[in-house]
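# Examining the three-dimensional arrangement
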Amino acid sequence: MKRLMLGNEAIARGAYEAGVKVATAYPGTPSTEITEYIARYDRIYAEWSPNEKVALEVGIGSSIAGARTIVSMKHVGLNVAADPLFTVGYTGVNAGLVIVVADDPGMHSSQNEQNTRYYGQAANIPILEPSNSQEAKDYVLRGFEISEKYDTPVIIRMTTRVSHSQSTVELGEPMEQKLRAYKKDINKYVMMPAMAKVRHVVVEERMNRLAKDANMLDINKMEFADRKIGIITSGVPYLYAKDALPEASILKLGMVYPLPDDIIREFANKVDRLYVVEELEPFIEDHVKAMGIKLYRENLFSIQGELSANIIYANIMEKELKEEPAIDVPGRPPVLCPGCPHRGIYYAVKKLGLHAAGDIGCYTLGALPPLEGIDTCICMGASIGMAHGIEKALGRDDSKKWIGIIGDSTFIHSGITGLIDIVYNKGMSTIAILDNSTTGMTGHQEHPATGKTLKGEPAPVLNLVELVKAIGIKNVEVVDAYDVVKIEAVLKREINRDAPSVIILTGPCALLPTEKKQPFVINQDMCTYCNSCSQIACPAISEDGKEITIDTSLCDGCGLCANICVFNAIERLSD
Amino acid sequence: METINILIAGVGGQGILLTSKIIGHLAIDLGYDVKISEVHGMAQRGGSVVTHVRFGKKVNSPLIEIGKADIIMVFEKLEALKYTHYLTDEGIMIVNDHRIDPLPVALGYSEYPDNVEGKICENCPESIIIDALKIARELGNDRVLNTVLLGVLAKQLDIERDKWLKAIEENVPPRTIDLNKNAFLMGFDK
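Below is a short write-up of the structure. (Residues numbered from 1 in each chain as written. Chains lettered and ligands numbered in written order. Predicted model: local features only at pLDDT ≥ 70, side-chain atom pairs only at ≥ 80, totals over all residues. Heavy atoms only, no water.)

Turning our attention to the interface of chain B and chain A. With 46 residues of chain B in contact, the opposing surface of chain A contributes 49 residues. Carbon and sulfur atoms supply 61% of the area that chain B and chain A bury against each other, a total of about 4200 Å² over both sides. Applying the counting criterion to the chain B and chain A interface returns three salt bridges. Its salt-bridge partner being Glu76(B), residue Arg332(A) comes within 2.9 Å of it at the nearest N-O pair. On inspection of chain B and its partner chain A, the count reaches 12 residue pairs in polar contact (both at pLDDT 80 or more). Among the elements of the structure, α1 (16–29), β2 (33–37), β3 (48–56), α2 (77–83), α3 (103–106) and α4 (116–123) of chain B are those that each provide at least two residues to the side of chain B that touches chain A. The element that contributes the greatest number of residues to the side of chain B that touches chain A is β2(B), accounting for five residues. Of the residues that constitute the side of chain B that touches chain A, the class distribution is 20 nonpolar, 14 polar and 12 charged. (Contact = heavy atoms within 4.5 Å. Buried area = accessible area lost by both parts, 1.4 Å probe. Salt bridge = Lys/Arg side-chain N within 4 Å of Asp/Glu carboxyl O. Polar contact = N/O pair within 3.5 Å; in protein donor to acceptor, adjacent residues only side chain to side chain. Helix = DSSP H or I, 4+ residues; strand = E, 2+ residues; numbered from the N terminus. Nonpolar A, V, L, I, M, F, W, Y, C, P; charged D, E, K, R; others polar.)

The structure is reproduced here in structure tokens:
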């Protein structure tokens, strides 16, 4: 039976058919749906872990205990999981361990466009790259075979276009996988120097064997047509290349690390002009060149952004790329939703002239005008450590203009240790935790403080106030995220306090289902056109040079604008 | 059959993903190969959203090439101007005559261009401009503007009406099947 499936859903299906027993992840675009789809299979245990490092550690435990295991994350999540990754490369596995990592060339929803292929190379872990949903499913099954045959974790590298494209998938029957027997083996599973030295030799042998066998692997395949142009490619660029140059011969690599030298050489010998077509850095190209193979043209593509059939055609045929339309159109950047609880803090931050070390989530959008409420965004959890570093650099007095801003899910992911650092090293930073009761940006995933698991079962609720107090923060205040007057007063007090403090702003994400509240309208007789309300960047509020109005079809009824209006010109519509 | 390329654009939250899904499932039922490229995540927060839907005997890339879209359907008229270069020479542009100001426009940082309809027709003579939101409102639910537009699109393709209705039935939330079918027919018979 054939079904239309998102690449991420196909990964989940592959996990189901491969007999996976345990699946872990931390949400991150474009990988999130993988584990959401896996959670629908009753026979697979699936969890949101607090972060990717924990997710991989749970996965390693499960694999060593004998169950096929899949761990999913976005590319930057692999940085968080890098510590266990490099050493599980040494220990190898018991039952198969597949790590799905979704890269984001073009940065549709990420802070960088790092290339996971280099992780495979650095950690000595094979990497498979599917180009569509069918391959996504097939490569999961193949990944488990390779993992168990070669005693290695396997990375499946997705990209946004593979994760978020739908194409047809032939469904297969799920396999029954018995638990593999666990045998205590400290030489394999305890990586102290004496053992690790021995394992590193094993790793080298394994990778050499894999590199040799890669030449026989049927997912690395030559498709000969006209031999004037030969293209080495993988992943979704393979599909672009087929559209761009249907007559060209193609070497399609299903495994990009280690690379199959014999096939590459054979292919190169059989075509006139050889090109490598790949997104981001020239990973395959550098390898081909290091083999002493001559490319017809080198470094043909930019190291940034996505490819397309148009770009491939233009660069290989040396034609001009078709232009964008000449019409000047204003951009439509993403914005905080109407009713979003994150606006209040930014309004106060701007009004008080503060700077803020920001973090990763919907609230990063608060950096943009007119809110302009954060100064930095580096990685998950960075806001807290950075606020501390800023204080140590500037000194206590000059750092009073700085705070840290972080979301609830991000705080649990990797903000807690930063806060411990502040307390331990006598920092005095003020940290605002924006608690919207969910993981918002990635589409509402549960986390340890929401009271529910990924499978929708009730779970103990991590109490953020008690947690922060236990860390040693004595000044913790919980404030309604829409009460701008109070937010401002508390901020003013806490930034001047010679002790660290945490302000928890509570307000559930506006997209979570709640009772619909009546919208607000502006009483034009009372409005003085001071423009305060339009400075909160609410999509429901617009001004046309004559008056400011609220679109009642968009208004969420949160009342933040009414709280800001000192002329009492904003009123809730009566029922 | 030659591959049919449909590009659908609009603003996050307008029901674009569901529309693409219905077309995709219909094409599968008809035995075609299908590829759909979607946008998830950050861009969905009120930003521009575009999906590419391709079906035919064999489809490679999930993305439509510039100059190869047979139909472009936009849920917000400004978005039409961003994609005119994707249309084939004979391509059809279906435009929902609805304006949603991007935030920079709402805040007065930039201006919504004048005469968007005129500019669309200048670039794409084969344009169908329709106020789908008005029709959806008459049906009592703004949100079915996507199925109204789907009806307009269906009229342009050589696929039986009942097959479309079946695809709608199988893909919209069960409570909204009749509403969506009505919305589709309003667009189809327009």
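What follows picks up the thread again.
Ile70(A), Ile231(A), Ile232(A) and Ile312(A) are the most contacted members of the largest nonpolar core, which totals 104 residues. Element by element, the count of residues in this core is highest for helix α7 (residues 133–150) of chain A, at seven residues. Among the domains, domain 1 (2–216) and domain 2 (221–316) of chain A are the pair contributing at least three residues each to this core. Among all residues touching Ile312(A), those that are not within four sequence positions of it are Pro237(A), Tyr240(A), Ala241(A), Ala244(A), Leu245(A), Val277(A), Phe301(A) and Leu307(A). Within the second largest apolar cluster, 67 residues are counted, among which are Val53(B), Met73(B), Ala136(B) and Ala183(B). (Core = buried A, V, L, I, M, F, W, Y, C linked by side-chain atoms within 4.5 Å. Buried < 20%, exposed > 50% of the residue type's maximum accessible area, 1.4 Å probe, protein only. Domains from an automatic or database assignment.)

Before going further, it helps to spend a moment on the packing of helix α6 (residues 145–155) of chain B against helix α8 (residues 177–188) of chain B. Residue and element names in this part refer to chain B. Two elements in contact, α6 and α8, have axes whose closest approach is 6 Å; the angle formed by their N-to-C orientations is 45 degrees. Taken together, the axes of α6 and α8 lie oblique to each other. Judged by the sense of rotation from one axis to the other, the crossing of α6 with α8 is right-handed. Of the residues in α8, those touching α6 at Thr147, Val148, Leu150, Gly151, Val152, Ala154 and Lys155 are Asn180, Ala183, Phe184, Gly187 and Phe188. (Axes fitted to C-alpha atoms, helices over the stretch in contact; angles between N-to-C directions. Parallel < 35°, antiparallel > 145°, perpendicular 65-115°, else oblique. Left-handed = near helix turned anticlockwise from the far one by under 90°.)

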